[in-house]
Amino acid sequence: MKVLKKTLMLAAIGGSLFATAASAEQVNLTWQMWTGSDADTKSWQHLADMVTARYPDIKVTLTTTGWVDYWTRLPVLAASGQLADIVSMQSLRMPNFYSLLEPLNDRIAADKFDVAAFTPSIIGGMSVDKQLYGLPYDVGPWVIYYNQDVFDAAGIPLPKPGWTLAEFTDAAKKLTKDGKYGFGITPQNYSVLASAWGDKYVNDSGALDLTNPGAVAAADKVIGFAAKDKIAPLVPSSADAGNVIQGRFYSGNVAMYVDGPWSIIGMKDKVKFKVGSTTLPRGEGELTAVTAGSGFGISTASKNKDAAWKAIQVLTSPEALAYLAEGGRALPARTASQSSWYKVAAKDITNGGEAIDYSLAHSVPYVITNNWAAVENLFNQYFPPAFAGSAGAKQTMDAIQSLAQQ
């Protein structure tokens, strides 16, 4: 009996020690993400649960805020030492925040992680000085959306991927009549279109260079859509110009505008006409379509970096991206997962898949400076008066270049 009691006691102690060890191995990760709706939040929570399903010893606690608040709070959280283990990051903001994130190149090499499975341009967008700081979950090339009904009514052939600037301008002129416009232009379209035409506005050293001949020539074309050709309406000198033009497209007031694949889901519920899409118009050479996207990095302040590395691999896995794609949430950064998105989001858009495919095949990273937010604010301030004819391209670019360097 004494032997039995001793055996049971030892077993109980061993079980207790085992439970304590198992408990000690449990890792609790935090994850910061933006959200636009309850459905959005549920999608991200589903991905967090996928991490635990793959690694039962890792629990991910999701914290979400709105898009604008996310970027306002991020530097505050960093300064106060409250960054999450996993930090969500957009490629266009990577130059401003990469110092908050752990470099991933060594981990990628050690695990032989297949970076080639992702669209190359978004890998470039999530990198700084050839160092990758986040694994991407989505990618989006800017394209032209058009009102197919007005094209058909005017007898204009639907634009094909790879169309030229001359073809685009000709169509826009024919569609500008009866108080409606062929195209809606915004100040922030400048860099997207300049890139498509092969005109550089950032030099090889990464510095803003808006006054070189190519950059000025691109500005002259963009400004000319409104000031000379009169194919585009004027927009306010504010950050709302994009929303204004999008609203005018939805209402049928402009026949074409520039946007990304992320806008398709919301667009379908707001327009009363057939929507088509095509590539940005190319210049004399091949199209170079810029892309942007977002992904997940590991905070430099994290105490659980190994677990966070495992987690972001799950968050960007083929299964996770297929889930996001099938819900219409994102065009996956993994090329093999993109067909799922086409079946849901692009199925009712004329040439939607073709436009995306062509753009991705001719895509390049979106080149920006580390003060790009300030540069875009200057675009919003100085391009609208130029659209109205009160300033030329050179004067506009000289002013923005000078102010951006102060």
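As a starting point, this report considers the structure included with it. Everything quoted here is computed from the prediction, not taken from an experiment.

## Observations concerning the sheet that holds strand β6 (residues 135-136)
Inference 1: Pairing is mixed in the open sheet, where five strands are placed in the order β2-β1-β3-β12-β6. Of all the strands in the sheet, just β2 (58-65) and β6 have a single pairing partner and so form its edges.
Inference 2: Note that strand β3 (residues 86-90) and strand β12 (residues 294-298) share five bridges and pair antiparallel. Its bridge partner being in β12, Ile86 is matched across the sheet by Ile298.
Inference 3: Of the strands in this sheet, β1 (27-34), β2 and β3 touch helix α3 (residues 67-79), which is tilted by about 125° from β3.
Inference 4: Running over the sheet, helix α13 (residues 305-315) touches β1, β2, β3, β6 and β12 and is turned about 165° from β12.

## Considering the packing of helix α10 (residues 213-227) against helix α18 (residues 393-404)
Inference 1: Running from N to C, α10 and α18 cross one another at 120°; their axes reach a closest spacing of 9 Å. Classified by the interaxial angle, the pair formed by α10 and α18 is oblique. α18 is crossed by α10, and the crossing has right-handed handedness. Taking contact as the criterion, the partners of Ala215, Val216, Ala219, Asp220 and Ile223 in α10 are, on α18, Ala393, Lys394, Thr396 and Met397.
Inference 2: In the contact of α10 with α18, the residues fall into six nonpolar, one polar and two charged.

## Quick word on the environment of Thr396
Inference 1: When you line up the elements, Thr396 lands in helix α18.
Inference 2: Judged by relative accessible area, Thr396 falls into the buried class, the value being 3%.
Inference 3: When the C-alpha atoms of Thr396 and Gln188 are compared, they prove to be 14 Å apart, with 208 residues separating the residues in sequence.
Inference 4: In this structure Thr396 touches Ile223, Tyr382, Ala386 and Ala391, once residues within four positions along its chain are discounted.

## Here we look at the pattern of salt bridges
Inference 1: According to the stated counting rule, one finds six salt bridges in the structure shown.
Inference 2: Of the charged contacts in the structure, one is a salt bridge between Asp220 and Lys228, with a shortest N-O distance of 3.0 Å.
Inference 3: The exposure class assigned to Asp220 is partly exposed, which follows from its relative accessible area of 34%.

## Quick look at the sheet that holds strand β7 (residues 140-141)
Inference 1: With mixed pairing, the three strands of this open sheet are ordered in space as β7-β11-β13. Each edge of the open sheet carries a strand with a single partner, namely β7 and β13 (363-365).

## Structural notes on the packing of aromatic side chains
Inference 1: All told, the structure shown has 33 aromatic pairs when counted by the stated rule.
Inference 2: Between Trp31 and Phe296, the aromatic rings sit 5.4 Å apart at their centres with planes inclined by 85°, giving edge-to-face as the arrangement. A residue pair is termed long-range when its members are at least 10 positions apart, and Trp31 in strand β1 and Phe296 in strand β12 qualify at 265 residues.
Inference 3: The class of Trp31 is buried, set by a relative accessible area of 0%.
Inference 4: Relative accessible area serves as the criterion here: at 0%, Phe296 is assigned to the buried category.
Inference 5: Each ring, one from Phe113 and one from Trp309, has its centre 5.7 Å from the other, and the planes form 65°; the classification is edge-to-face. Taken together, the residues span a long stretch of sequence, with Phe113 in the loop between α5 (105-111) and α6 (120-125) and Trp309 in helix α13 at a distance of 196 residues.
Inference 6: Under the relative-accessibility criterion, Phe113 is labelled buried at 14%.
Inference 7: Assessed through its relative accessible area of 4%, Trp309 is described here as buried.
Inference 8: Among the aromatic side chains, those forming a connected cluster through ring pairs are Trp142, Tyr190, Tyr201, Tyr366, Trp372, Phe379, Phe383 and Phe387.
Inference 9: A cation over a ring is seen here: Arg54 above Tyr55, with NZ or CZ 4.4 Å from the ring centre.

Cut-off values and rules
Residues numbered from 1 in each chain as written. Predicted model: local features only at pLDDT ≥ 70, side-chain atom pairs only at ≥ 80, totals over all residues. Heavy atoms only, no water. Pairing = 2+ DSSP bridges. Helix = DSSP H or I, 4+ residues; strand = E, 2+ residues; numbered from the N terminus. Contact = heavy atoms within 4.5 Å. Axes fitted to C-alpha atoms, helices over the stretch in contact; angles between N-to-C directions. Parallel < 35°, antiparallel > 145°, perpendicular 65-115°, else oblique. Left-handed = near helix turned anticlockwise from the far one by under 90°. Nonpolar A, V, L, I, M, F, W, Y, C, P; charged D, E, K, R; others polar. Buried < 20%, exposed > 50% of the residue type's maximum accessible area, 1.4 Å probe, protein only. Salt bridge = Lys/Arg side-chain N within 4 Å of Asp/Glu carboxyl O. Phe/Tyr/Trp six-rings, centres within 6.5 Å; stacked < 30°, edge-to-face > 60°. Lys NZ or Arg CZ within 6 Å of the ring centre and 35° of its normal.

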